[in-house]
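# Structural features, examined
Chain by chain, the residues run as shown.
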Amino acid sequence: NGDDVIINGDLTDQFSLDLNDTFELLQTLQDFLAANSASRLVICTGNNDVSKRSDELGTAVFLGRLLSTHPNALLVQEPADLGDGVYAIPHLTNQALFDQALQAVPQGVEFLLLHCNAMSTFAEHSDHSLNLSREQAVELRARGITMILGHEHHRRDLMGGKLIVVGNQFPTSIADCVTPEGRASPGKDCLVIE
């Protein structure tokens, strides 16, 4: 109690859960908020949480809007200053908007939360999977910013610990149980920012 919990995109691995699962997830989030009155729950949207169609509402955004009446719940769908040197850029509609948001990161940011791939040639031209280029990462690192990425399923530490890909916390497929090299995955992690 007193620590914020930030979901850095992809609250679930599906855009829309069935209503029973959605209700169970709502209860879990409400229970957390009730039991941790000094903590903030921040839900940043990821690529699985948003649709290119503006008339569709997915589970994560629906739950975030339901919880928005709680003073300690925050839904982040646009770049946002979370305080204490933490800034978040959730999944955005396309790479051009993401690139603009990276250029607009304000001074004083120590930790930048992103929902994207890290230096991926595969994602370079795919709007559904945004990409942080090596050049962008080098520029942010030069400003003293530690980049913390959601989206990729396997943990990686790059750039001397200044770019951290947390990996997903719960396996969503058999591929999550092995490393990209085919070895057994050592486990799943969350990241604590102190």
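Described below are features of the structure shown in this document. (Residues numbered from 1 in each chain as written. Predicted model: local features only at pLDDT ≥ 70, side-chain atom pairs only at ≥ 80, totals over all residues. Heavy atoms only, no water.)

### A few points about the overall build of the protein chain
Let me state the cut-off plainly: Under the scheme used here, helices are H or I runs from DSSP no shorter than 4 residues and strands are E runs no shorter than 2 residues, and both carry numbers assigned from the N terminus. Using C-alpha atoms as the atom set, the radius of gyration is obtained and then compared with a globule rule of 2.2 Å times the number of residues to the power 0.38. Accessibility here uses a 1.4 Å probe with only protein chains present; expressed as a share of the type maximum, an area under 20% marks a residue as buried, one over 50% as exposed, and anything in between as partly exposed.
Along the protein chain, the regular secondary structure elements total 4 helices and 10 strands. Ordered by position from N to C terminus, the α and β elements of the protein chain give β-α-β-α-β-β-β-α-β-β-α-β-β-β. Here the C-alpha atoms of the protein chain give a radius of gyration of 16 Å, agreeing with the 16 Å that 2.2 N^0.38 yields for 194 residues. Its C-alpha atoms give the protein chain principal-axis dimensions of about 40 × 40 × 35 Å. Residue burial in the protein chain is summarised as follows: out of 194 residues, 43% are buried.

### Things to note about the pairing of strand 5 (residues 86–89)
Cut-off, in case you're wondering: Pairs of strands are assigned from DSSP output, requiring at least two bridges between the strands. If the strands point away from the viewer and the path from the first strand over the helix to the second runs clockwise, then the crossover is right-handed.
Neither face of strand 5 is exposed, since Val 86 and Ala 88 on one face and Tyr 87 and Ile 89 on the opposite face are all buried. Taken together, the 3 bridges between strand 4 (residues 80–83) and strand 5 define a ladder with antiparallel strand orientation. Looking at strand 5, one finds that Asp 81 is bridged to Tyr 87. Linking strand 4 back to strand 5 in an antiparallel pair, the connection comprises 2 residues, with Asp 84 at a positive phi of about 55°. As a crossover connection, the stretch from strand 5 through helix 3 (residues 95–103) into strand 6 (residues 111–118) is right-handed.

### What to know about the pairing of strand 8 (residues 146–151)
Judged by how many residues are buried, strand 8 sits mostly within the fold: 6 of 6 residues are covered. In the sheet, strand 8 pairs with strand 10 (residues 163–165) via 3 bridges, with the strands oriented parallel. By the bridge assignment for strand 10, Met 147 is matched with Leu 163.

### A few points about the sheet that holds strand 3 (residues 73–76)
Applied cut-off: Helix axes are fitted to C-alpha atoms over the stretch in contact, other axes to C-alpha atoms as well, and angles between N-to-C directions run from 0 to 180 degrees. In this analysis, two residues are considered to be in contact whenever any of their non-hydrogen atoms come within 4.5 Å of each other.
The strand order across the open sheet built from 3 strands is 1-2-3, with neighbouring strands paired in parallel fashion. The two strands at the open ends of the sheet, each matched to only one other strand, are strand 1 (5–8) and strand 3. Taken over all neighbouring pairs, the strand axes of this sheet differ in orientation by 10° on average, direction set aside. Sheet topology places strand 2 (residues 41–44) next to strand 3; 4 bridges connect them, and they run parallel. Each bridged residue has a counterpart across the sheet, and for Cys 44 the counterpart in strand 3 is Val 76. Set on the sheet, helix 1 (residues 19–35) makes contact with strand 1, strand 2 and strand 3; between it and strand 2 the angle comes to about 145°. With respect to the sheet, helix 2 (residues 59–67) is in contact with strand 2 and strand 3, its orientation differing from that of strand 3 by roughly 140°.

### Remarks on the nonpolar core
The line we're drawing: Joining through side-chain atoms within 4.5 Å is the link that ties buried Ala, Val, Leu, Ile, Met, Phe, Trp, Tyr and Cys residues into a set, and such a set is a nonpolar core.
Membership of the largest hydrophobic core comes to 22 residues, with the highest contact counts inside it found for Ile 89, Leu 112, Leu 114, Leu 132, Met 147, Leu 149 and Leu 163. For this core, the element with the highest residue contribution is strand 6, accounting for 4 residues. Leaving out residues up to four positions away in the same chain, Leu 149 has contacts with Asn 8, Leu 114, Cys 116, Asn 117, Ala 118, Leu 132, Leu 163, Ile 164, Val 165 and Val 166. Leu 17, Val 61, Leu 67 and Leu 75 belong to the second-largest nonpolar core, a separate cluster that totals 15 residues.

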